[in-house]
Amino acid sequence: MSKLRVAVLGAKGRIGSEAARAVEAADDMELVAAVGRGDKLEALVESGAQVAVELTTPASVMGNLDFCVRHGIHAVVGTTGWTGERLAELGTSLAASPGTGVLIAPNFSIGAVLTMKFSQMAARMFESVEIVELHHPGKADAPSGTATRTAQLVAEARAAAGLGDQPDATRTALEGARGADVDGVPVHSVRLRGLLAHQEVILGGEGETLTIRHDSLHHSSFMPGVLLGVRRVASVPGLTYGLEHFLDLS
Ligand SMILES: NC(=O)C1=CN([C@@H]2O[C@H](COP(=O)(O)OP(=O)(O)OC[C@H]3O[C@@H](n4cnc5c(N)ncnc54)[C@H](O)[C@@H]3O)[C@@H](O)[C@H]2O)C=CC1
Ligand SMILES: O=C(O)C1=N[C@H](C(=O)O)C[C@H](O)C1
């Protein structure tokens with residue numbers, strides 16, 4: 001059986017270097033290009049890459065994906081910074097390249113995907129919900145892509161259940177004290193030496209709280225999800241948003 005030809009973009013970064021090693025170690029894959037900042041994207045075409053794993057920066061991801069989609073190269077994306085406008089722009093370029101698949105995974109770790117799912121399930125049953133995400137101090141963006149997506153999913157579930165604004169009597173606050181407001185869900189970001197990637201979703205109801213917590217302790221936690229995405233993405237043309245769609249969870 002021929003091996004899947006895979007390129008990694010951002011191959012010298014924290015997660016990109018781990019992904020390059022994981023692809024090299026997979027029996028059914030061949031790492032045909034390891035692309036870093038300043039390298040030419042033509043390497044993807046010259047190496048015959050079938051799937052690109054995109055792990056760069058929010059500033060680079062759109063240009064890289066535009067190149068991949070125009071050349072019919074499927075993409076598995078972990079890079080953060082996704083807005084409604086960016087998703088729509090990607091959808092438009094995918095429409096011009098039928099047959100090409102792109103998976104955007106706000107988080108590749110199975111535990112984080114389950115955290116999002118469980119939070120979405122619980123959201124309609126609790127009056128209050130806040131999210132605390134905790135990361136290593138080298139992280140460039142806040143809040144994390146995972147926390148933003150979790151908040152969106154929770155907010156959608158609350159709206160569908162007819163829940164209104166959360167109870168909160170705060171009238172004066174130091175700027176930032178109540179976190180960032182993502183669709184009505186407060187998200188608090190901690191950056192701390194020693195941490196990698198962690199998230200708590202705290203739900204509150206009458207006389208009780210429920211805390212759903214996930215910890216990624218090493219970048220290896222993301223690799224089963226990356227490899228699953230690489231194996232599946234070509235069979236699902238168009239845009240898939242969230243690894244849960246490849247895990248039969250949705
Ligand atoms: N979805 C997920 O499960 C995960 C997502 N991430 C996200 O992945 C992204 C990268 O994270 P880290 O590895 O921690 O950052 P990093 O800063 O360690 O790595 C990014 C790498 O991309 C390179 N780069 C920048 N522009 C490039 C371009 N145009 N072409 C090729 N390479 C380019 C940089 O030089 C750097 O080596 C972030 O957005 C982060 O939030 C990180 C971990 C897990
Ligand atoms: O930058 C990171 O490290 C991570 N980024 C992603 C995010 O912003 O959610 C995924 C994970 O939290 C690690």
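Residues numbered from 1 in each chain as written. Chains lettered and ligands numbered in written order. Predicted model: local features only at pLDDT ≥ 70, side-chain atom pairs only at ≥ 80, totals over all residues. Heavy atoms only, no water.

The name an unreviewed UniProt entry gives the protein chain is 4-hydroxy-tetrahydrodipicolinate reductase, with Streptomyces montanisoli as the organism. Here is the UniProt Function (unreviewed entry) comment for the protein chain, exactly as written: "Catalyzes the conversion of 4-hydroxy-tetrahydrodipicolinate (HTPA) to tetrahydrodipicolinate." The UniProt entry for the protein chain carries this comment under Sequence similarities (unreviewed entry): "Belongs to the DapB family." (UniProt positions renumbered as here; feature names shortened; annotations may be inferred.)

Colleague: Please clarify how the site of ligand 1 should be interpreted in this entry.
Modeller: Contacts to ligand 1 come from 22 residues, most closely from R14, S60, T80, A105 and F108. Here T80 contributes a side-chain N or O atom positioned 2.7 Å from an oxygen atom of ligand 1. Between ligand 1 and A105, the relevant distance is 2.9 Å, taken from a nitrogen atom to a main-chain nitrogen or oxygen of the residue. When ligand 1 sits alone it has 860 Å² of accessible area, and the protein chains cover 82% of it. Of all the elements in the fold, those that place two or more residues in the shell around ligand 1 are α1 (14-25) and α3 (58-70). Partitioning the shell around ligand 1 into residue classes produces 7 nonpolar, 11 polar and 4 charged. (Near = heavy atom within 4 Å. Polar contact = N/O pair within 3.5 Å; in protein donor to acceptor, adjacent residues only side chain to side chain. Areas by Shrake-Rupley, 256 points an atom, 1.4 Å probe, with all protein chains shown as cover. Helix = DSSP H or I, 4+ residues; strand = E, 2+ residues; numbered from the N terminus. Nonpolar A, V, L, I, M, F, W, Y, C, P; charged D, E, K, R; others polar.)

Colleague: Explain the site of ligand 2 here, please?
Modeller: Every residue lining ligand 2 is accounted for by T80, P106, N107, H135, H136, K139, S144, G145, T146, A197 and F222. Residue H135 places a side-chain N or O atom 2.6 Å away from an oxygen atom belonging to ligand 2. Here an oxygen atom of ligand 2 sits 2.5 Å away from a polar atom, N or O, in the side chain of T146. Coverage of ligand 2 by the protein amounts to 84% of the 320 Å² it exposes when considered alone. Looking at the shell around ligand 2 residue by residue, the class counts come to 3 nonpolar, 7 polar and 1 charged.

Colleague: Just to check I follow, could you spell out the pairing of strand β4 (residues 74-77) for this structure?
Modeller: In summary, the side chains of a regular strand alternate between the two faces of the sheet. In β4, alternate side chains face the same way, and those of H74 and V76 on one face and A75 and V77 on the other are all buried. Bridge count for strand β3 (residues 51-54) against β4 is 4 bridges, and the pairing is parallel. Looking at the pairing, V51 lines up with H74 of β4. Crossover connection from β3 via α3 to parallel β4: handedness right-handed. Where β4 and strand β5 (residues 101-104) come together, 3 bridges link them in parallel fashion. Residue A75 lies in a different strand from β5, and its bridge partner there is V102. (Buried < 20%, exposed > 50% of the residue type's maximum accessible area, 1.4 Å probe, protein only. Pairing = 2+ DSSP bridges. Right-handed = clockwise from strand over helix to strand, strands pointing away.)

Colleague: Can you help me understand the pattern of salt bridges in this one?
Modeller: Scanning all chains against the criterion turns up 10 salt bridges. Between E30 and R5 there is a salt bridge, with its nearest N and O atoms 3.6 Å apart. Taken together, the residues E30 in strand β2 (residues 29-35) and R5 in strand β1 (residues 4-9) connect sequence positions 25 residues apart. According to the relative accessible area criterion, R5 is partly exposed, its value standing at 30%. (Salt bridge = Lys/Arg side-chain N within 4 Å of Asp/Glu carboxyl O.)

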